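Below are the chains, spelled out letter by letter.
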Amino acid sequence: MRSFQILLLALALLANLACGKPIGSLNQGGNGPPSGDRMVVSPVGNYGYVPGISSRQIGTYRIDSSNTFRMDPVGAVDARSTTRLVFHPNHVFAYVGKELDPRRGPAAIAVYRFDPATGGMTEAGVETLPNYSFGADLEISPDGRYLVVGIAGGQGPGRILIYSIDSTSGLLALKQNLPLQNASDAVRIRADGKWLYSLDSLRSQMLILSYDATSGSIALQATIASPDRPTDFELHPSGLFAYVGNVGGAGLTVYSLGDEGGFTVLETPTLDNNDLASGFSAPDLQAPGVYVSAIALSRDGRFIYVNMPCYRVIHVFEIDPTTGHLTHIDREEDVSEGCVRGLTLSITSDGLYAIVPTGETTQGSLVLYYRIDPITGVLRRLGLQEWAN
């Protein structure tokens with residue numbers, strides 16, 4: 001999955017309360033096992049980057065599929081992350097929101113040089129975000145010229161920042177600071193380079209902004225209602241469709257995207273909400289509501305994977321490239337420990353494996369691996385691995 005993985009802590013709180021589980025925050029002190037809540041896979045080199053639940057590091061794992069698929073720790077990035085790690089299209093630079101002072105909240109974007117041979121990250125610079133509580137999400141323009149930063153609010157209103165990226169050093173320069181009445185929890189640039197979309201999870205709204213690919217400038221055009229309490233948001237590589245997962249309601253909504261940037265609901269495919277994980281209750285998930293924690297698209301855009309950890313299931317749909325209609329083709333049982341974990345689903349750079357962090361143990365965290373059939377998109381479970389504390 002390319003996972004959004006991008007959730008407000010408040011939204012995570014709602015989900016945890018709904019499932020009757022204790023809260024685990026990235027902003028707590030001390031050490032902790034890897035959570036996988038914002039796990040990403042490198043575009044080249046076969047490495048996974050996994051934030052610790054409460055540590056100040058992002059664990060680096062080498063993905064080995066030569067024999068039995070597994071991920072082995074090889075190092076760490078020294079950053080208490082607040083956003084997903086995003087890679088520049090040139091595969092040289094990477095960016096992540098990080099906390100500078102735990103007493104004041106996250107306040108910077110860190111710039112790294114990525115080594116595809118070792119998976120190593122060398123910090124090249126830090127761009128401070130004064131007076132903002134945290135950067136909620138990052139997106140790099142398809143041409144690699146601009147970095148978009150969604151700000152959820154905190155010490156001020158939500159906003160979107162546009163930075164230009166130096167092609168030699170990867171360093172950032174602020175181009176635009178757009179205040180919003182909404183939080184900006186997730187940001188995505190449409191494939192045509194004309195539109196930027198932002199998601200406000202708490203208010204259940206989506207923002208439509210025009211985007212100038214030449215200058216990087218943006219302007220708010222419209223605010224529309226989204227599905228109840230959205231949890232994940234992805235755009236199809238074609239730029240024709242959008243997918244929003246949520247807590248309650250349908251669980252997944254499919255949209256078509258118009259030439260003028262607008263959203264039109266195509267369908268809300270049926271996601272069963274039977275067999276709630278044993279020992280968990282979901283009073284907040286009203287019938288026929290479900291809890292979709294993460295959605296991911298296959299590398300070729302032919303399939304979509306929908307992770308429902310409270311129900312221990314991953315649904316697989318085939319995407320009609322012309323109409324956007326989804327056809328259900330697989331229902332793979334998950335072994336998540338409940339609603340708290342399994343928040344992401346990441347797909348490896350070769351498109352052949354899916355990685356789902358599931359639950360914590362006394363020794364660390366469990367991660368579940370699947371093989372993806374490149375022809376049918378069907379998942380085949382390979383096994384579990386435990387990541388040590």
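Keep in mind the model is a prediction, meaning the values are calculated, not measured. (Residues numbered from 1 in each chain as written. Predicted model: local features only at pLDDT ≥ 70, side-chain atom pairs only at ≥ 80, totals over all residues. Heavy atoms only, no water.)

Colleague: How would you explain the nonpolar core if you had to name every residue and give the values?
Modeller: Formed by 19 residues in total, the largest nonpolar core has its most connected members in Y243, I304, V306 and L326. Elements that contribute at least two residues to this core include exactly strand 18 (241-246), strand 19 (252-257), strand 21 (294-297), strand 22 (303-308) and strand 23 (313-319). Those residues in contact with I304 that sit more than four places away from it in its chain are Y243, I295, A296, L297, H315, V316, F317, I319 and L326. (Core = buried A, V, L, I, M, F, W, Y, C linked by side-chain atoms within 4.5 Å. Buried < 20%, exposed > 50% of the residue type's maximum accessible area, 1.4 Å probe, protein only. Helix = DSSP H or I, 4+ residues; strand = E, 2+ residues; numbered from the N terminus. Contact = heavy atoms within 4.5 Å.)

Colleague: Got a sec to walk through the pattern of salt bridges? Specific residues and values, please.
Modeller: Under the definition given, this model contains eleven salt bridges. E234 is paired through a salt bridge with R188; the nearest N and O atoms lie 3.6 Å apart. Note that E234 is positioned in strand 17 (residues 230-235) and R188 in strand 13 (residues 186-189), a separation of 46 residues in sequence. For the pair E234 and R188, one class covers both residues: buried. (Salt bridge = Lys/Arg side-chain N within 4 Å of Asp/Glu carboxyl O.)

Colleague: Help me get a handle on the pairing of strand 13, residues and values and all.
Modeller: The alternating pattern of strand 13 places A186 and R188 and V187 and I189 on opposite faces, both of which are buried. Examined bridge by bridge, strand 13 and strand 14 (residues 195-200) share four bridges and lie antiparallel to one another. The residue bridging V187 from the neighbouring strand is S198, located in strand 14. Hairpin remark: strand 13 followed by strand 14, antiparallel, with five residues in the connecting loop; positive phi at G193, about 70 degrees. (Pairing = 2+ DSSP bridges.)

Colleague: Hey, could you go over the pairing of strand 24 (residues 326-333) for me, with residue numbers and the actual values?
Modeller: Relative to strand 24, strand 23 runs antiparallel, the two sharing seven bridges. Residue pairing in the sheet places V313 in a bridge with E333 of strand 24. Hairpin connection between strand 23 and strand 24: a loop of six residues separates the two successive antiparallel strands, and G324 in this loop has a positive phi of roughly 85 degrees.

Colleague: Run through the side chain of S201, naming residues and quoting values.
Modeller: The residue S201 is located in the loop between strand 14 and strand 15 (205-211) in this model. Residue classification places S201 among the buried positions, given a relative accessible area of 1%. In this structure the side chain of S201 is engaged in a polar contact, spanning 3.5 Å, whose partner is the backbone oxygen of P230. (Polar contact = N/O pair within 3.5 Å; in protein donor to acceptor, adjacent residues only side chain to side chain.)

Don't take any of this as a statement about function, it's just geometry.
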